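Per-entry structural report
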Amino acid sequence: MRKNDIYYPLSKTLAEKRAWELADELGVKLAVINPTLVVGEALQSATNTSNEMVRAYLDGSKEEYKGRMGFVDVKDVAEAHVAAIDSDTAVGQRHLCITVSAPWRVACQHLRELYPDAKVPTVDGDGGKELALMQFDNAPFVALLGRAPTPLRDMLRDTADTLPTAVPGVPKSGGAAGGAAAAL
(Lines give C-alpha, C1' and ligand atoms only; values in the text may rest on other atoms or scores of the structure.)
Protein backbone atom coordinates (compact mmCIF):
# COMPACT_ATOMS: atom_id res chain seq x y z
CA MET A 1 0.00 0.00 0.00
CA ARG A 2 2.89 2.36 0.75
CA LYS A 3 4.51 1.94 -2.64
CA ASN A 4 1.17 2.70 -4.34
CA ASP A 5 0.43 5.74 -2.11
CA ILE A 6 -2.74 4.15 -0.74
CA TYR A 7 -2.45 5.66 2.71
CA TYR A 8 -6.04 5.68 3.97
CA PRO A 9 -6.48 1.89 4.04
CA LEU A 10 -2.87 1.54 5.22
CA SER A 11 -3.57 3.82 8.17
CA LYS A 12 -6.67 1.79 9.04
CA THR A 13 -4.72 -1.49 8.81
CA LEU A 14 -1.85 -0.23 10.97
CA ALA A 15 -4.21 1.27 13.55
CA GLU A 16 -6.14 -1.97 13.90
CA LYS A 17 -2.92 -3.98 14.15
CA ARG A 18 -1.73 -1.69 16.95
CA ALA A 19 -5.10 -1.92 18.71
CA TRP A 20 -4.84 -5.72 18.79
CA GLU A 21 -1.26 -5.46 20.12
CA LEU A 22 -2.32 -3.04 22.86
CA ALA A 23 -5.33 -5.14 23.82
CA ASP A 24 -3.01 -8.12 24.23
CA GLU A 25 -0.38 -6.14 26.16
CA LEU A 26 -2.90 -4.51 28.49
CA GLY A 27 -5.20 -7.50 28.83
CA VAL A 28 -8.28 -5.60 27.65
CA LYS A 29 -11.16 -6.92 25.61
CA LEU A 30 -11.38 -5.73 22.02
CA ALA A 31 -13.93 -6.10 19.25
CA VAL A 32 -13.24 -4.40 15.93
CA ILE A 33 -15.89 -2.81 13.74
CA ASN A 34 -14.74 -2.43 10.12
CA PRO A 35 -17.27 -0.57 7.97
CA THR A 36 -17.13 -0.22 4.21
CA LEU A 37 -18.45 2.99 2.58
CA VAL A 38 -20.67 4.50 5.29
CA VAL A 39 -23.66 6.35 3.88
CA GLY A 40 -27.09 7.30 5.14
CA GLU A 41 -28.70 10.02 7.16
CA ALA A 42 -26.32 12.94 7.70
CA LEU A 43 -26.12 14.79 11.01
CA GLN A 44 -23.36 17.24 10.17
CA SER A 45 -23.72 20.54 8.35
CA ALA A 46 -20.90 19.77 5.90
CA THR A 47 -20.83 16.98 3.33
CA ASN A 48 -18.39 14.24 4.38
CA THR A 49 -16.26 12.26 1.94
CA SER A 50 -18.61 9.26 1.82
CA ASN A 51 -21.73 11.30 1.18
CA GLU A 52 -19.84 13.40 -1.35
CA MET A 53 -19.47 10.24 -3.46
CA VAL A 54 -23.26 9.88 -3.58
CA ARG A 55 -23.70 13.60 -4.22
CA ALA A 56 -21.37 13.39 -7.23
CA TYR A 57 -23.68 10.79 -8.78
CA LEU A 58 -26.70 13.04 -8.19
CA ASP A 59 -25.46 16.44 -9.34
CA GLY A 60 -23.83 15.53 -12.66
CA SER A 61 -20.23 15.68 -11.37
CA LYS A 62 -19.84 12.05 -12.43
CA GLU A 63 -20.51 11.54 -16.12
CA GLU A 64 -20.41 7.76 -15.90
CA TYR A 65 -20.70 5.02 -13.32
CA LYS A 66 -17.90 2.52 -12.95
CA GLY A 67 -16.86 -0.22 -10.56
CA ARG A 68 -18.51 -1.35 -7.38
CA MET A 69 -18.57 -0.39 -3.74
CA GLY A 70 -19.35 -2.00 -0.42
CA PHE A 71 -22.14 -0.02 1.27
CA VAL A 72 -23.32 0.14 4.87
CA ASP A 73 -25.75 2.47 6.63
CA VAL A 74 -24.40 4.83 9.29
CA LYS A 75 -27.13 3.86 11.77
CA ASP A 76 -26.29 0.17 11.32
CA VAL A 77 -22.62 0.89 12.03
CA ALA A 78 -23.51 2.88 15.15
CA GLU A 79 -25.81 0.08 16.31
CA ALA A 80 -23.03 -2.48 15.76
CA HIS A 81 -20.65 -0.43 17.92
CA VAL A 82 -23.16 -0.27 20.77
CA ALA A 83 -24.10 -3.95 20.44
CA ALA A 84 -20.42 -4.99 20.50
CA ILE A 85 -20.01 -3.34 23.90
CA ASP A 86 -22.65 -5.61 25.42
CA SER A 87 -21.71 -8.79 23.54
CA ASP A 88 -19.31 -11.33 24.99
CA THR A 89 -19.25 -13.13 21.63
CA ALA A 90 -18.07 -9.94 19.86
CA VAL A 91 -14.86 -9.82 21.89
CA GLY A 92 -11.80 -10.89 19.95
CA GLN A 93 -13.64 -10.66 16.64
CA ARG A 94 -13.41 -8.48 13.54
CA HIS A 95 -16.83 -7.44 12.29
CA LEU A 96 -17.01 -6.49 8.63
CA CYS A 97 -19.87 -3.99 8.46
CA ILE A 98 -21.17 -4.33 4.94
CA THR A 99 -24.72 -4.66 3.68
CA VAL A 100 -24.02 -5.16 0.01
CA SER A 101 -21.23 -4.91 -2.53
CA ALA A 102 -23.06 -3.33 -5.44
CA PRO A 103 -21.96 -2.05 -8.81
CA TRP A 104 -22.35 1.73 -9.06
CA ARG A 105 -24.68 0.86 -11.95
CA VAL A 106 -27.16 -0.53 -9.40
CA ALA A 107 -26.71 2.43 -7.05
CA CYS A 108 -27.30 4.84 -9.95
CA GLN A 109 -30.40 2.91 -10.98
CA HIS A 110 -31.80 3.40 -7.47
CA LEU A 111 -30.89 7.10 -7.53
CA ARG A 112 -32.56 7.61 -10.94
CA GLU A 113 -35.73 5.91 -9.68
CA LEU A 114 -35.76 7.95 -6.48
CA TYR A 115 -34.81 11.28 -8.09
CA PRO A 116 -35.77 11.29 -11.78
CA ASP A 117 -34.92 15.01 -12.09
CA ALA A 118 -31.37 14.62 -10.74
CA LYS A 119 -28.39 14.39 -13.10
CA VAL A 120 -27.56 10.74 -12.38
CA PRO A 121 -25.23 9.32 -15.06
CA THR A 122 -26.48 6.77 -17.54
CA VAL A 123 -23.11 6.06 -19.19
CA ASP A 124 -21.67 2.66 -18.25
CA GLY A 125 -17.96 3.15 -17.61
CA ASP A 126 -17.59 -0.61 -17.28
CA GLY A 127 -18.58 -1.05 -20.92
CA GLY A 128 -21.52 -3.28 -20.10
CA LYS A 129 -19.31 -6.08 -18.76
CA GLU A 130 -20.48 -7.98 -15.73
CA LEU A 131 -18.30 -7.20 -12.72
CA ALA A 132 -16.72 -10.01 -10.74
CA LEU A 133 -18.75 -11.13 -7.76
CA MET A 134 -17.39 -9.86 -4.45
CA GLN A 135 -17.86 -12.45 -1.74
CA PHE A 136 -17.94 -11.52 1.92
CA ASP A 137 -19.27 -12.83 5.19
CA ASN A 138 -21.28 -10.27 7.11
CA ALA A 139 -22.92 -12.85 9.39
CA PRO A 140 -21.14 -11.53 12.52
CA PHE A 141 -22.37 -8.01 11.66
CA VAL A 142 -25.94 -9.22 11.10
CA ALA A 143 -25.76 -11.18 14.37
CA LEU A 144 -24.65 -8.05 16.23
CA LEU A 145 -27.56 -6.09 14.76
CA GLY A 146 -30.03 -8.88 15.42
CA ARG A 147 -31.80 -7.97 12.17
CA ALA A 148 -31.16 -7.49 8.46
CA PRO A 149 -29.09 -4.40 7.63
CA THR A 150 -30.66 -1.38 5.93
CA PRO A 151 -31.23 -1.98 2.18
CA LEU A 152 -29.11 -0.07 -0.32
CA ARG A 153 -32.04 1.89 -1.75
CA ASP A 154 -32.96 3.18 1.72
CA MET A 155 -29.35 4.13 2.49
CA LEU A 156 -29.06 6.11 -0.73
CA ARG A 157 -32.40 7.85 -0.15
CA ASP A 158 -31.40 8.81 3.41
CA THR A 159 -28.07 10.13 2.14
CA ALA A 160 -29.58 12.22 -0.64
CA ASP A 161 -32.45 13.53 1.46
CA THR A 162 -30.12 14.82 4.17
CA LEU A 163 -27.26 16.27 2.13
CA PRO A 164 -26.48 19.61 3.79
CA THR A 165 -26.59 21.61 0.56
CA ALA A 166 -29.16 21.45 -2.20
CA VAL A 167 -28.75 19.21 -5.23
CA PRO A 168 -30.91 20.04 -8.26
CA GLY A 169 -33.61 17.39 -8.63
CA VAL A 170 -33.33 16.20 -5.01
CA PRO A 171 -36.00 17.65 -2.73
CA LYS A 172 -34.79 18.58 0.75
CA SER A 173 -36.45 16.50 3.45
CA GLY A 174 -34.94 18.38 6.34
CA GLY A 175 -34.04 14.98 7.83
CA ALA A 176 -31.44 14.85 10.55
CA ALA A 177 -29.27 17.42 8.81
CA GLY A 178 -32.03 19.99 9.15
CA GLY A 179 -33.37 18.90 12.50
CA ALA A 180 -31.22 16.92 14.93
CA ALA A 181 -27.94 18.52 13.87
CA ALA A 182 -29.40 21.99 14.27
CA ALA A 183 -30.37 21.08 17.82
CA LEU A 184 -26.87 19.92 18.74
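Because the structure is a prediction, the values reported are computed rather than measured.

1. As for the overall build of the protein chain
On a plain count of helices and strands, the protein chain comes out with eight helices and seven strands. Dimensions of the protein chain along its principal axes, counting C-alpha atoms only, are 55 × 45 × 30 Å. Classification of the 184 residues of the protein chain by burial places 35% in the buried group. Restricting the contact set of the protein chain to residue pairs at least 6 apart, pairs at least 24 apart contribute 80%. When the accessible area of the protein chain is evaluated, it comes to approximately 10,500 Å², of which 55% is carbon and sulfur surface.

2. Re the side chain of D158
As for its position among the elements, D158 is in helix 6 (residues 152-161). Residue D158 is classed as buried on the basis of its relative accessible area of 17%. In contact with D158, not counting residues within four places along its chain, are G40, E41, D73 and K75.

3. A few points about the nonpolar core
Counting residues in each nonpolar core, the largest one holds 22 residues, and the members touching the most others are L58, F71, W104, L111, Y115, L156 and V170. At the level of secondary structure, the elements contributing two or more residues to this core comprise strand 2 (37-39), helix 2 (49-58), helix 4 (104-114) and helix 6. For F71, the contacting residues outside a window of four places in its chain are T36, L37, V39, I98, T99, V100, A102, W104, A107, L152, M155 and L156. V72, V77, A84 and F141 belong to the second-largest nonpolar core, a separate cluster that totals 10 residues.

4. Re the sheet that holds strand 6 (residues 100-103)
As summarised here, the arrangement of the three strands in space is 2-4-6, forming an open sheet in which the pairing is mixed. Of all the strands in the sheet, just strand 2 and strand 6 have a single pairing partner and so form its edges. Sheet twist, expressed as the mean angle between neighbouring strand axes with direction ignored, is 45°. Relative to strand 6, strand 4 (residues 68-73) runs antiparallel, the two being bridged by four bridges. Opposite F71, over in strand 6, you have V100 as the bridge partner. Of the strands in this sheet, strand 2 and strand 4 touch helix 3 (residues 74-85), which is tilted by about 60° from strand 4. In this fold helix 6 packs onto strand 2, strand 4 and strand 6, with an angle of close to 75° to the strand it touches most, strand 4.

5. Here we look at the layout of surface pockets
Approximately 570 Å³ is the volume attributed to the largest pocket. In terms of lining residues, the largest pocket is bounded by 20 residues, among which Y8, K12, N34, P35 and T36 are the most central. Going through the elements one at a time, helix 1 (7-26), strand 1 (32-35), strand 2, helix 2, strand 4 and strand 5 (94-97) are the ones with two or more residues in the lining of the largest pocket. A per-element tally of the lining of the largest pocket places helix 1 first, with five residues. Here the residues of the lining of the largest pocket are counted per class, giving nine nonpolar, seven polar and four charged.

Reading guide: rules and limits
Along every chain, residues carry numbers that run from 1 in the direction the sequence is written. Only residues with pLDDT of at least 70 are given local features in this predicted model, and only at 80 or more are side-chain atom pairs given and counted; all residues enter the totals for whole chains, interfaces and linings. For the side-chain quantities, the full set of heavy atoms in the structure was used; hydrogens and water were omitted. Strands here are runs of E lasting at least two residues and helices are runs of H or I lasting at least four, both read from the DSSP assignment and numbered beginning at the N terminus. With a 1.4 Å probe rolled over the protein chains alone, any residue whose accessible area is under 20% of its type maximum counts as buried; one over 50% counts as exposed, and the rest are partly exposed. Here, residues are in contact when the closest pair of their heavy atoms is within 4.5 Å. Note on areas: these come from Shrake-Rupley sampling with a 1.4 Å probe, and a residue is covered only by the protein chains present in the view. Only buried residues count toward a nonpolar core. Its members are Ala, Val, Leu, Ile, Met, Phe, Trp, Tyr and Cys residues joined through side-chain atoms within 4.5 Å. Only strands that DSSP links by at least two bridges are regarded as paired with each other. Angular values range over 0 to 180 degrees, each being the angle between N-to-C directions of two axes fitted as lines to C-alpha atoms, with helices fitted over their stretch in contact. Points on a 1 Å grid, built from protein atoms alone, make a cavity when a 1.4 Å probe fits but cannot get out and make a pocket when they are open with protein on both sides within 12 Å along at least 5 of 7 lines; residues with an atom within 4 Å of a point are the lining residues. Grid points are joined across faces, edges and corners, and a volume is the space filled by probe spheres set on the points. Think of it as three bins: nonpolar holds Ala, Val, Leu, Ile, Met, Phe, Trp, Tyr, Cys and Pro, charged holds Asp, Glu, Lys and Arg, and polar takes everything else, Gly as well.

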